[in-house]
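Per-entry structural report
Residue-level listing of the chains:
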Amino acid sequence: MDLLALTDFNLVARHGGFGRAARASGRPKATLSRRVAELEASLDLRLIERGARALKLTEEGRSLHERTGALLTELDETVAAIASGGDTPRGRLRISAPLLFSQTAMGRLAAGFALRFPQVRLEVTSEDRPVDMVEEGYDLVIRVNPDPDDSLVGRIFLRDRLVVVASPNLVRPTDDSAVPAVVRSAGDRIAAWDVTALSGRSRIAIDPVLRLSSLVMVRDAVRAGVGAGRLPLSLVSHDLAAGMLAHWGDVDGPEIALWALYPSRRLLSARVSAFLDCLKEAFPMGTPAELAAYVGA
């Protein structure tokens, strides 16, 4: 197989068209088209459907891109590392991270990484939706309690837990009356919270009086006394210690685990490995207290 033709095919597939690939690489569009056609002829397969306005990978083309694109990138990085005489992280590093972690910790993490590895161009996108790492071109994703995925490997670098908190001025009902609550607009659709406190397990009936899309907004509204809230311990630890919020109990259920994930079929690049090391250095034990201290520093 012609590696040059395979490289040109992946370039076109990654950029979604011959024109965009030509502009990004400085290669003639006609050359890229000819190379892809030669690759298709050698494999006796149609890899790209060429429409009047759009380009679409065939099923065979998508499979070839997913399996060879990362390998070619790793080959380029290996050659560059050998040529430069070391494994210094360099190039672009694209990361997708959840909104709350991005708001509270990622800015400081990214700045420290950029200062330490100036030859890496770090790009961080904040989003809670699942992403396709291969299709969307991410090198690393950070997710909370992700679903199992055979195509990805990773590690837990932080653990947290949910607690129910409220302003000290808000009285917790002693009967089955519902307490005013601030909830996430896209999340909490339940009528009660099951919690465990020093007094034992109990159920808190809730009346959602305010729905907000951000946990930071939920915390601020709970601080203001609008209602009780269900929040990560790391986000409210300082408020609990200062007496600004009261702890009503730990929410029953699975812990919150933050995972750093990357494609299993790809050898770990120097820049991804370097960022994983930064996460480990920032959170060596991976506890809620460490995240709270990091955010409050």
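Residues numbered from 1 in each chain as written. Predicted model: local features only at pLDDT ≥ 70, side-chain atom pairs only at ≥ 80, totals over all residues. Heavy atoms only, no water.

Structural notes on the nonpolar core
By size, the foremost hydrophobic cluster in this structure holds 27 residues, and its most contacted members are Phe101, Phe113, Leu140, Ile142, Phe157, Phe275 and Phe283. Among the elements of the structure, strand S3 (91-97), helix H5 (99-116), strand S5 (140-144), strand S6 (152-160), strand S13 (256-263), helix H9 (270-282) and helix H10 (288-296) are those that each provide at least two residues to this core. By residue number, the principal contributor to this core is H9, which donates 6 residues. In this view, Phe157 contacts Phe101, Ile142, Leu258, Trp259, Ala260, Leu279, Phe283 and Gly286; residues no more than four positions away in its chain are not counted. (Core = buried A, V, L, I, M, F, W, Y, C linked by side-chain atoms within 4.5 Å. Buried < 20%, exposed > 50% of the residue type's maximum accessible area, 1.4 Å probe, protein only. Helix = DSSP H or I, 4+ residues; strand = E, 2+ residues; numbered from the N terminus. Contact = heavy atoms within 4.5 Å.)

Regarding the pattern of salt bridges
Under the counting rule described, the total for this entry stands at 18 salt bridges. The shortest N-O distance in the salt bridge between Arg27 and Asp8 comes to 2.7 Å. One end of the pair, Arg27, is in the loop between helix H2 (18-25) and helix H3 (29-43); the other, Asp8, is in helix H1 (residues 3-15), with 19 residues separating them in the sequence. Here Arg201 ties to Asp252 by a salt bridge, and the two come within 3.0 Å at their closest N and O atoms. Taken together, the positions of Arg201 in strand S10 (residues 200-212) and Asp252 in the loop between strand S12 (246-251) and S13 put the pair 51 residues apart, joining distant regions of the chain. A relative accessible area of 67% places Arg201 in the exposed class. (Salt bridge = Lys/Arg side-chain N within 4 Å of Asp/Glu carboxyl O.)

Observations regarding a negative patch on the surface
A cluster of acidic residues, Asp132, Glu135, Asp147 and Asp149, forms a negative patch on the protein surface. When you line up the elements, Asp149 lands in the loop between S5 and S6. (Patch = residues over 30% accessible without salt bridge, like charges linked within 9 Å, V, L, I, M, F, W, Y side chains within 5 Å. Areas by Shrake-Rupley, 256 points an atom, 1.4 Å probe, with all protein chains shown as cover. Lys, Arg positive; Asp, Glu negative; His and termini not counted. Charge placed at Lys NZ, Arg CZ, Asp CG, Glu CD.)

Quick notes on the sheet that holds strand S4 (residues 120-126)
Ordered by their spatial adjacency, 5 strands build an open sheet running S4-S3-S5-S13-S6, and the pairing between neighbours is mixed. The open sheet terminates on both sides in strands that have one partner only, identified here as S4 and S6. Sheet twist, expressed as the mean angle between neighbouring strand axes with direction ignored, is 20 degrees. When S5 meets S13, the two strands line up antiparallel, connected through 4 bridges. Within S13, the position partnered with Ile142 by the bridge is Ala260. The strands touched by H9 within the sheet are S3, S4, S5, S6 and S13, with S3 carrying the most contacts at an inclination of about 50 degrees. (Pairing = 2+ DSSP bridges. Axes fitted to C-alpha atoms, helices over the stretch in contact; angles between N-to-C directions.)

Considering unusual backbone geometry
One non-glycine residue, Asp44, lies in positive phi territory at about 60 degrees. In this structure, Asp44 sits in the loop between H3 and strand S1 (48-50). Despite not being glycine, Asn145 shows a phi value in the positive range, around 45 degrees. If you trace the backbone, Asn145 turns up in the loop between S5 and S6.

Remarks on the sheet that holds strand S9 (residues 192-197)
If you trace the 6 strands once around the closed barrel, you get S7-S11-S8-S10-S9-S12, paired in mixed fashion. With strand direction ignored, the average angle separating the axes of adjacent strands in the sheet is 50 degrees. Both strand S8 (residues 179-184) and S10 contribute to a ladder of 6 bridges, which runs parallel. Paired with Val183 across the strands is Arg211, a residue of S10. Against the sheet, helix H7 (residues 215-223) touches strand S7 (162-166), S8, S10 and strand S11 (228-232), its axis set at about 140 degrees to S11.

Section: the packing of H5 against H9
Relative orientation of the contacting elements H5 and H9 amounts to 125 degrees, with a least axis distance of 11 Å. In terms of their interaxial angle, H5 and H9 are classed as oblique. At the point where H5 passes H9, the crossing takes the right-handed sense. For the pair H5 and H9, the contacting residues are Met106, Leu109, Phe113 and Arg116 in the first and Arg271, Ala274, Phe275, Cys278, Leu279, Glu281 and Ala282 in the second. (Parallel < 35°, antiparallel > 145°, perpendicular 65-115°, else oblique. Left-handed = near helix turned anticlockwise from the far one by under 90°.)

Concerning the packing of helix H8 (residues 233-242) against H10
The angle between the axes and the distance between the axes are what describe a pair of packed helices. Orientation of H8 relative to H10, taken along the N-to-C sense of each, is 70 degrees, at an axis distance of 8 Å. Taken together, the axes of H8 and H10 are roughly perpendicular relative to one another. Helix-helix and strand crossings are classified by hand; for H8 and H10 the assignment is right-handed. Side by side, H8 and H10 meet where Leu233, Ser234, Ser237 and His238 of the first sit next to Pro288, Leu291, Ala292, Ala293 and Gly296 of the second.

A few points about the packing of aromatic side chains
If you walk through the whole model with that rule in mind, you get 6 aromatic pairs. With a centroid separation of 6.3 Å and 35 degrees between ring planes, the pair formed by Phe157 and Phe283 is classed as tilted. Here Phe157, found in strand S6, pairs with Phe283, found in the loop between H9 and H10; they are 126 residues apart in sequence, far enough to count as distant. Considered together, Phe157 and Phe283 belong to a single accessibility category, that of buried residues. In textbook terms, an aromatic cluster arises when at least three aromatic residues are bridged by ring pairs, as seen for Phe101, Phe157, Phe283 and Tyr294. Lying over the aromatic face of Tyr138, Arg94 brings its terminal NZ or CZ to 4.4 Å of the ring centre. (Phe/Tyr/Trp six-rings, centres within 6.5 Å; stacked < 30°, edge-to-face > 60°. Lys NZ or Arg CZ within 6 Å of the ring centre and 35° of its normal.)

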